[in-house]
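Residue strings, one per chain:
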Amino acid sequence: GVSCSGDGSRLVAVVGGYEQGGGFIYLSHDSGATWNASAKMGAWNAVASSDDGSRLIAITIGNDYIYTSADAGSTWIQRADKQSWQGVTSS
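Residues numbered from 1 in each chain as written. Predicted model: local features only at pLDDT ≥ 70, side-chain atom pairs only at ≥ 80, totals over all residues. Heavy atoms only, no water.

Undergrad: Please set out the overall build of the protein chain residue by residue, giving values where relevant.
TA: Secondary structure assignment for the protein chain yields zero helices and eight strands. In sequence order, the protein chain lays out its α and β elements as β-β-β-β-β-β-β-β. Its C-alpha atoms give the protein chain a radius of gyration of 12 Å, within 12% of the compact-globule value 12 Å for 91 residues. When its C-alpha atoms are laid out on the principal axes, the protein chain stretches across 30 × 25 × 20 Å. Per-residue burial over the protein chain gives 38% buried out of 91 residues. Accessible surface, the protein chain as shown: approximately 5,100 Å² in total, 48% of it carbon and sulfur. If you average the places of the 5 positive and of the 8 negative side-chain charges in the protein chain, the two averages end up 8 Å apart. (Helix = DSSP H or I, 4+ residues; strand = E, 2+ residues; numbered from the N terminus. Rg over C-alpha atoms; globule rule 2.2 N^0.38 Å. Buried < 20%, exposed > 50% of the residue type's maximum accessible area, 1.4 Å probe, protein only. Areas by Shrake-Rupley, 256 points an atom, 1.4 Å probe, with all protein chains shown as cover. Lys, Arg positive; Asp, Glu negative; His and termini not counted. Charge placed at Lys NZ, Arg CZ, Asp CG, Glu CD.)

Next comes the structure, spelled out in structure tokens:
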């Protein structure tokens, strides 16, 4: 999945890689010109961004957790108990 800030300058993308042991969350702060890996390896399934791109939320499949970032993806915190999450959204 992919999400972006309201002005399109900050983007976040998740790479699942469930069968390969996991992928990464990638961040761009220049409208997609460059990308950097963020967060630990995981079987990422979906991601959403706040309007200004500072708050992010992502879910995994396999271990089924929600992770949030309040600093544009610099750090991630596991938030919810194990569930079968299907999608996320943000405002």
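Undergrad: Summarise the confidence of the model for the protein chain; cite the residues concerned and give the values.
TA: On average, residues of the protein chain score 88 in pLDDT, and 93% of them are at 70 or above. Across the protein chain, element-level confidence peaks in strand 1 (residues 2-4) with a mean pLDDT of 95 and bottoms out in strand 4 (residues 36-42) with 82. (pLDDT = per-residue confidence, 0-100.)

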